[in-house]
Amino acid sequence: MLSRLGALLQEAVGAREPSIDLLQAFVEHWKGITHYYIESTDENTPVKKTDIPWRLRQMLDILVYEERQQAAAGEAGPCLEYLLQHRILETLCTLGKAEYPPGMRQQVFQFFSKVLAQVQHPLLHYLSVHRPVQKLLRLGGTVPGSLTEKEEVQFTSVLCSKIQQDPELLMYILEGKKIIGRKAASRESTTLPKDSTCHPDKDSFHSGAPDKGSQLDGEHCGAQALNSHLPAETEGPDSGTGESTLITSLLGLCKSKKSRVALKAQENLLLLVSVASSAAATSLAQSSPCCVALTEHLCQLYRSLPAFLDPADIAALEGISWRLPSAPSDEASFPGKEALAAFLGWFDYCDHLITEAHAVVADTLAKAVAEKLFVETLQPQLLHVSEQSILTSTALLTAMLRQLRSPALLQQAVAFLLGTERHPAVVEDSPRTLCSHLIRHCDHLSDEISIATLRLFEELLQKPHEQVIRDLVLCNLEGRLYVARGSPEPESYEDTLDLEEDPYFPDDGFLDCSFAPPAQPRAAAPPTSAHGKTAVTEIVNRWEAVSSAWSLRRPRPQLSWRRPAMTHMSTMPMACSRSAAPASPHGAGPWVLHPWTSMSPNGLSLRVTSSKCCLTEWPGF
């Protein structure tokens, strides 16, 4: 008895569970989906109340499991071949577009995202995958606030992730062309031709396939017939309008009211332009609406700003980033604050994108921003006769310069403000350039415009660009002699403070003043450069230190309503000195030398020039 029981247990343990035919199960689930559309008559039942979501999950699990069981890596299994040969993805795309049953589009987006993310076999090279992907992209990103934004941004994120792994895919998706020489392209023969008619494929089923395969093929032909009724622009992946579907979808999602959706779309677009090859970058710049759409949205946000914004409010709104475009909650609110934060946030995104993008895309986008925003939108307002228009546009331009970081966009901004020709920026009786107009605005009848324009130039002088310091400063100093010829550079600068006679401050200026600075300990000699001259940075630092002492001397009375303007005029030489150090290839020149350098009879150092700027009675001041 015990021996018989032991034999039964041994037989039970050794028994193997019958294997499941994956292809048969896969086909059965697909048949269940197609039968729903044949048998169902209720068009109002949500898709979540049907078995379609469950069957799609089962099909996905079968594809993933089959791939894991494949002995040879990189080969498509029977279920994946069936998916490709029978254009299941195209049929699902058609059902998603019809939005039948309600909510089907979300299910289709989720199924596409999971298949592309979880199946490791290269799929985007297949025509039967590439074409429905393009069609599905056209369904999303077109209507802001759609119910499928979450699924759309997840779908585009998967595509961008695949492109990051294989940057050559970007060119393939943009142009819809086959990548020659790739291993996956050799399997294109397993798919049906693009223009082929629907017919049963006898070799598509393995021995385990059901005998009703022809019936399913007939149902597939019926689903394919739906594709023939699609609009013309969604029929072919190689049409001109389909070249930039991924870019168009991402640009639409970037405008979403949901901050997380918009941020993810912006990150995906930034990823695409950063990994693009030269060919893909050229296609993005010339054949896609990427640069044009980014610029148009920037101009649209600018036009949505209030007609008047207080320059103080614009200057106080700092810390705006494209990753956090909303204004900080702790700041005081003012009319147009949210619109201003949205504009500055998008401008910061464009600037960051130009920094990270391929050089071809960066130059194209920078030129588009300069043409559409600077020239066509800002320049008419800067040259307008309305003081309100001049004041607001000047303050906004200053805020943009403060955020600007990319070299390509900085070059365009400098060319817009100073022009492309090399000439000194001076006041003209009949101004012909924008720079001449802005210089005249520094002495405008409106005190607010004068102060706003001075702030603009102060911000411009802090930018690391050679043309700025050349046109605004150095061109006005070329050919002039400031340093006395033959005078050696003093060895001890603290002992030679009286080498230059100061006509504005007598020697006894501190005797009757309680603001005299305390005696400083003797400092070491300043560091010198390779050619034996004092380093420019040391010159600037020492000039700042001496300037702090000069500011304590007897101040001349000023009208209180002119003090802000005079403050910006007095700080302008220091901004010049800071910009000249990195901009001038041969040193800062004699104008930025030590304030105690021996000067020629008619020469003025930066010290005396600054003193004159602070103390001279300017016309109208």
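Residues numbered from 1 in each chain as written. Predicted model: local features only at pLDDT ≥ 70, side-chain atom pairs only at ≥ 80, totals over all residues. Heavy atoms only, no water.

## So, the environment of Phe26
- Within the element layout of this structure, Phe26 appears in helix α2 (residues 22-39).
- Here Phe26 falls in the buried class, since its relative accessible area comes to 0%.
- Along the chain, Phe26 and Arg55 lie 29 residues apart, while their C-alpha atoms are 9.1 Å from each other.
- The residues contacting Phe26, other than those within four sequence positions of it, are Met59, Ile62, Leu63, Cys79, Tyr82, Leu83 and Ile88. (Helix = DSSP H or I, 4+ residues; strand = E, 2+ residues; numbered from the N terminus. Buried < 20%, exposed > 50% of the residue type's maximum accessible area, 1.4 Å probe, protein only. Contact = heavy atoms within 4.5 Å.)

## Here's the deal with the packing of aromatic side chains
- The tally for this structure, following the rule as stated, stands at nine aromatic pairs.
- With a centroid separation of 6.2 Å and an interplanar angle of 85°, the aromatic rings of Phe26 and Tyr82 are classed as edge-to-face. Of this pair, Phe26 sits in helix α2 while Tyr82 sits in helix α4 (residues 78-85), placing them 56 residues apart in sequence.
- Members of the aromatic cluster, joined through ring pairs, are Tyr36, Tyr37 and Tyr100. (Phe/Tyr/Trp six-rings, centres within 6.5 Å; stacked < 30°, edge-to-face > 60°.)

## A few points about the pattern of salt bridges
- As enumerated under the stated definition, the model contains nine salt bridges in all.
- The partner of Arg131 in a salt bridge is Glu90, and the shortest N-O contact between them spans 2.8 Å. Of this pair, Arg131 sits in helix α7 (residues 127-139) while Glu90 sits in helix α5 (residues 88-98), placing them 41 residues apart in sequence. Residues Arg131 and Glu90 agree in their burial class; the two are buried.
- Of the charged contacts, one joins Glu90 and Lys135 as a salt bridge, the two residues approaching to 3.5 Å between their closest N and O atoms. Of this pair, Glu90 sits in helix α5 while Lys135 sits in helix α7; the two residues are 45 residues apart in sequence, bridging distant segments of the chain. For the pair Glu90 and Lys135, a shared accessibility class is recorded, and that class is buried.
- A cluster of three or more residues bridged by salt bridges with shared partners is formed by Arg87, Glu90, Arg131 and Lys135. (Salt bridge = Lys/Arg side-chain N within 4 Å of Asp/Glu carboxyl O.)

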